[in-house]
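Inside the fold
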Amino acid sequence: MVSEKRQVVVPGETIVSGREFLPGEGAYRDGIDVVSGRYGIMNIFEKHVRVVPISGAYYPRRGNTIIGTIVDITFNGWLIDFGGAQNAFLSVAEVPRYVNKNEMREFLDFGESVIVKVWDVKSRGVDVSMKMRGFGKIEGGMIVSIGANQVPRVIGKEGSMVRIIKNATGCDITVGQNGKIWVSGHNIDDEIAVKKIIEFIADNVTTNGLTERVEKFIKGMGLNVSKDDVEIVAENTDGEEG
Amino acid sequence: MAGKKSLYMKRVDGRKIDEVRPMIAEIGIVPSADGSASFETGGTKAIAVVRGPRTLHPQHMQDPKTGVLRVNYGMMPFSVSDRIRPGPSRRSEEISKVVEWALSSVVDLSGFPNTVVDVFIQIPKADAGTRVAGLNAASIALAHAGIPMREMISAIAVGKVDKTLVVDVNKEEEDFHDGEGSTDIPLAVTSRSKEIALLQLDGKISPDELMKVIEMGKKACEDVLKVQIEVLKSGSVGDE
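**Some details on the overall build of chain B**
- Along its length, chain B carries 4 helices and 9 strands.
- Ordered by position from N to C terminus, the α and β elements of chain B give β-β-β-β-α-β-α-β-β-α-β-β-α.
- For 240 residues, the compact-globule formula gives about 18 Å, and the C-alpha radius of gyration of chain B, at 18 Å, lands near that figure.
- Taking the principal axes of the C-alpha coordinates as reference, chain B spans close to 60 × 40 × 35 Å.
- Here chain B holds 240 residues, and 50% of them are scored as buried.
- Look at the contacts in chain B between residues 6 or more apart in sequence, and 71% of them connect residues 24 or more apart.

**A few points about the packing of helix 1 (residues 90–104) of chain B against helix 2 (residues 130–144) of chain B**
Residue and element names in this part refer to chain B.
- Their axes nearest at 11 Å, the elements helix 1 and helix 2 cross at an angle of 45°. As summarised for this structure, helix 1 and helix 2 are arranged oblique, according to the angle between their axes. Along this stretch, helix 1 crosses helix 2, giving a crossing that reads as right-handed. Contact residues: helix 1 offers I95, V99, A102 and L103, while helix 2 offers R131, G134, L135, A138 and L142.

**Section: the domain arrangement of chain A**
- Taken domain by domain, chain A consists of domain 1 (7–53), domain 2 (65–137) and domain 3 (142–220).
- Between domain 1 of chain A and domain 3 of chain A, the C-alpha centre-to-centre distance is 33 Å.

**Observations concerning the sheet that holds strand 16 (residues 180–184) of chain A**
Residue and element names in this part refer to chain A.
- Reading across the sheet, the 3 strands line up as 14-16-15 and stay open at both edges, with antiparallel pairing between neighbours. Every interior strand has two partners, whereas the edge strands, strand 14 (142–145) and strand 15 (172–175), have only one. Across this sheet, the average inter-strand angle for adjacent strands is 20°, counted without regard to direction.
- One ladder, built from 4 bridges, connects strand 15 with strand 16; its direction is antiparallel.

**Observations regarding helix 4 (residues 207–234) of chain B**
All names here are of chain B.
- With 28 residues, helix 4 ought to run about 40 Å at 1.5 Å a step, and its terminal C-alpha atoms sit 41 Å apart, in line with that.
- Inspection of helix 4 places V213, M216, G217, A220, C221, V224, L225, V227, Q228, I229, V231 and L232 among the buried residues, and these make up the whole buried set.
- Each element contacted by the buried residues of helix 4 is listed here: strand 1 (23–27), helix 2, strand 6 (153–161), strand 7 (164–167) and strand 8 (182–190).

**Description of the sheet that holds strand 6 (residues 40–45) of chain A**
Residues and elements named next belong to chain A.
- Ordered in space as 1-6-7-3, the 4 strands form an open sheet in which the pairing is mixed. Two strands in the sheet have a free side with no partner beyond their single neighbour: strand 1 (7–9) and strand 3 (22–23).
- Across 6 bridges, strand 6 lies against strand 7 (residues 48–53) in antiparallel orientation. Bridge pairing in strand 7 links I44 to V49.

**Section: the interface of chain A and chain B**
- The partner chain B presents 29 residues to the 24 residues of chain A that form the contact.
- Residue composition of the side of chain A that touches chain B, grouped by class: 11 nonpolar, 10 polar and 3 charged.

**What to know about the nonpolar core**
Residues and elements named next belong to chain B.
- Residues A48 and V119 are the most contacted members of the largest nonpolar core, which totals 136 residues.
- Top contributing element to this core by residue count: helix 4, with 10 residues.
- Setting aside residues up to four positions removed in sequence, V119 forms contacts with A48, V50, L69, R70, V71, L103, A138, A141 and L142.

**Some points on the pairing of strand 7 of chain A**
Residues and elements named next belong to chain A.
- Summarising the sheet, strand 3 and strand 7 pair through 2 bridges and their orientation is parallel. The residue bridging L22 from the neighbouring strand is H48, located in strand 7.
- Linking two consecutive strands that pair antiparallel, namely strand 6 and strand 7, is a turn of 2 residues; a positive phi of about 50° is found at E46 within it.

**Topic: the environment of M142(A)**
Residues and elements named next belong to chain A.
- Mapped onto the secondary structure, M142 falls in strand 14.
- C-alpha of M142 to C-alpha of V183: the two residues are 41 residues apart in sequence and 5.3 Å apart in space.
- Ignoring sequence-local partners within four residues, the contact set of M142 consists of V183, E191 and K195.

**As for unusual backbone geometry**
- Cis peptide bonds are those with omega within 30 degrees of zero, and the linkage from G52(B) to P53(B) qualifies with 0°.
- Within the secondary structure layout, P53(B) lies in strand 3 (residues 44–55).
- For the bond running from H57(B) to P58(B), omega is 0°, close enough to zero to count as cis.
- Positive phi values are uncommon outside glycine, yet E46(A) reaches one of about 50°.

**Some details on the confidence of the model for chain B**
- For chain B, the average pLDDT comes to 92, and 97% of its residues sit at 70 or higher.
- Every residue in residues 236–240 of chain B is under pLDDT 50, and counting partners more than four places away or in other chains gives 10 contacts.

**Some words on the confidence of the model for chain A**
- Here chain A shows a mean pLDDT of 87. Residues at 70 or above account for 90%.
- Ranking the elements of chain A by mean pLDDT puts strand 6 of chain A last, at 89, and strand 5 (residues 33–36) of chain A first, at 96.

Cut-off values and rules
Residues numbered from 1 in each chain as written. Chains lettered and ligands numbered in written order. Predicted model: local features only at pLDDT ≥ 70, side-chain atom pairs only at ≥ 80, totals over all residues. Helix = DSSP H or I, 4+ residues; strand = E, 2+ residues; numbered from the N terminus. Rg over C-alpha atoms; globule rule 2.2 N^0.38 Å. Buried ≥ 20, exposed ≤ 12 C-beta atoms within 10 Å, placed from the backbone. Contact = placed C-beta atoms within 7 Å. Axes fitted to C-alpha atoms, helices over the stretch in contact; angles between N-to-C directions. Parallel < 35°, antiparallel > 145°, perpendicular 65-115°, else oblique. Left-handed = near helix turned anticlockwise from the far one by under 90°. Domains from an automatic or database assignment. Pairing = 2+ DSSP bridges. Expected span 1.5 Å × (residues − 1). Nonpolar A, V, L, I, M, F, W, Y, C, P; charged D, E, K, R; others polar. Core = buried A, V, L, I, M, F, W, Y, C linked by C-beta atoms within 7 Å. pLDDT = per-residue confidence, 0-100.

In structure tokens:
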């Protein structure tokens, strides 16, 4: 994220004055001023003004990885509840194998959890896909829920925090930007350890030097913090496009 | 004012006539909610919790053009010296509605059709001015919930105690019965365009005095707004 200033703004507050600035997401124009239309961190990049939310409900963005559960089955797809304003729609065309439309429950049934990618965000809902590697139905493991605004701290810079947890516990971790985290390990004790670490991070999102504190916390649990990098899929940290 | 002196010259708690009671605001007091805030002025405290946007049920209440704002105001049974019967009452329904109208003038839910944003306002302690405290808390909570808003909203109750106009009346002033008695005028002002989003009046007041009330109220709302902005800006220190 490139920004000239990093500052919290309040609705109705003038961010910048000048005709050359363009109001983007979370901002609007009022005369000569560009005004914040929501509470968040202002971000001015090449005269383009945005306000990035720092709290509140999860708003899906294109490219986000989300974890949700099947709540409805329609004639051509599934509806997924991921904790957002509307349900996400997963079309049969967006699943990695052929599905008989009469036997859709065979592939994904009510209450089953999936990892999907946000394909398109419209005001009426979200379209998702699970065609790429790493996405699909969740089998085994456990899902840990945290706030969507705590997700960037769990991921860390370029996935550093997730890497630490993966290395310490040997578990497979998939972080959904909607605050749902899927943990899968060889045994339940490892998974519970991951859950404890994630909850520790979620409780300490506002503290500085979080990495050191987490490493200390992991050591306190009797686990090793190793620095070697083994097969890391770095998650996008804060859902920025590009 | 017929030249007669007002019977209420000095305020019971020693405040100046345009002085607001000390205010304390907090955000994030309810971790499970999408946004939450408390707002306290003197002996009045309001808690506001925001949930949503989420799908609105029953479905026939949904609006395919925009999201719906729904406000629920209630006083806790122990908030005043006489126990208040919990549950909806004529008064609480009215306050829910006027607060909802005031807030809908600033929130923009057009991006979330068929959804609802719920605002729950509870009053744990009451010493007059609960609807304005509730509105102030709700404004902070909505911002904290990341709901798109054109501006903030601040509210204050201005009172006429006998012939004296005072800002932010407390219960004792509200119950003043000598002379002309007491009239209170809750007033809400938006932070940027300075428009009046709520104005209620029950009692008697002259048009000239009402203009003076609005002027005083707008001035006092600036003090309220300062507290609201401050809590939102400091509550997020270190947040990513």
